[in-house]
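Chains, contacts and geometry: an overview
Below, each chain spelled out in residue letters.
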Amino acid sequence: LDEGRGAQTDGASSRPGQALMEMSERPVSDAGQAQRMLHSALRLRESSSTLANDRSSRSHCVVALKVAVQYIGAQGIPMETTEGRLVLIDLAGSENASKTGSEGQALKEAQYINRSLAALGDVVEAMARKQDHIPFRNSKLTMILQDCVS
């Protein structure tokens, strides 16, 4: 999830600068394929150096694995299928521009990252207080994570 870039692949962005980059669904049949896919996804992540870190993430990374297990009966006949979903999230850290020295595009990315983390904090707080309205729609990150945390 890259909330600092203009391109989008989902066609649903309602705010300028928010984008879902390289979002896709691909079938895998074993753990090795899943691991290679995860490494491929992580290579797409943007990073750059700041005064605070040699390698600073410029985006969040969300990887969702849908796992299906089909049970086979004694006669080799499929009996039932059980499905589950595992969501792995690597959040970019918040940044203080005065400490990181970010300028230009890096500063814009930091601002988008900070806004999405604040939106996630708002969701967590609203849920903890058992509020009637949970502000999932305030960020692409929280919209994606809605079914994971609600």
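For the structure itself, consult the block above.
Residues numbered from 1 in each chain as written. Predicted model: local features only at pLDDT ≥ 70, side-chain atom pairs only at ≥ 80, totals over all residues. Heavy atoms only, no water.

Phi at K130 takes a positive value of approximately 55 degrees, unusual for a residue other than glycine. Topologically, K130 is positioned in the loop between α3 (104-128) and α4 (140-149). On the accessibility criterion, K130 (71% relative accessible area) is exposed. (Helix = DSSP H or I, 4+ residues; strand = E, 2+ residues; numbered from the N terminus. Buried < 20%, exposed > 50% of the residue type's maximum accessible area, 1.4 Å probe, protein only.)

A separate point is helix α1 (residues 31-43). Its 13 residues place the ends of α1 18 Å apart at the C-alpha level, agreeing with the 18 Å of an ideal helix rising 1.5 Å per residue. For α1, the side-chain oxygen to backbone nitrogen distance between the N-cap and G32 is 3.0 Å, and the N-cap itself is D30. (Expected span 1.5 Å × (residues − 1). Polar contact = N/O pair within 3.5 Å; in protein donor to acceptor, adjacent residues only side chain to side chain.)

Attention shifts here to the pairing of strand β4 (residues 78-90). Pairing between strand β3 (residues 61-72) and β4: twelve bridges, direction antiparallel. Bridge assignment links L65 to a residue of β4, and that residue is L86. (Pairing = 2+ DSSP bridges.)

Position of T142 among the secondary structure elements: in helix α4. Side-chain polar atoms of T142 contact the backbone oxygen of F136, separated by 2.6 Å. Those residues in contact with T142, other than ones at most four positions away along the chain, are A119, L120, V123, P135 and F136. (Contact = heavy atoms within 4.5 Å.)

All right, on to the pattern of salt bridges then. Counted by the stated rule, this structure contains two salt bridges. Between R85 and D147 there is a salt bridge, with its nearest N and O atoms 2.4 Å apart. Of the two residues, R85 sits in strand β4 while D147 sits in helix α4, which places them 62 residues apart along the sequence. Looking at D147, the relative accessible area reads 52%, which means it is exposed. Its salt-bridge partner being R129, residue E125 comes within 3.0 Å of it at the nearest N-O pair. You can call R129 exposed: its relative accessible area is 57%. (Salt bridge = Lys/Arg side-chain N within 4 Å of Asp/Glu carboxyl O.)

Here E83 is to be found in strand β4. Expressed as a C-alpha distance, the spacing of E83 and V69, which sit 14 residues apart in the sequence, is 6.4 Å. Dropping the residues within four chain positions of it, E83 is found in contact with K66, V67 and A68.

Listing the buried residues of α4 in full gives K140, L141, T142 and L145. Capping of α4 at its N-terminal end is provided by S139; its side-chain oxygen lies 3.1 Å from the backbone amide nitrogen of L141.

Turning to its location among the elements, R137 is positioned in the loop between α3 and α4. Spatially, the C-alpha atoms of R137 and A119 are 8.9 Å apart, while their sequence positions differ by 18 residues.

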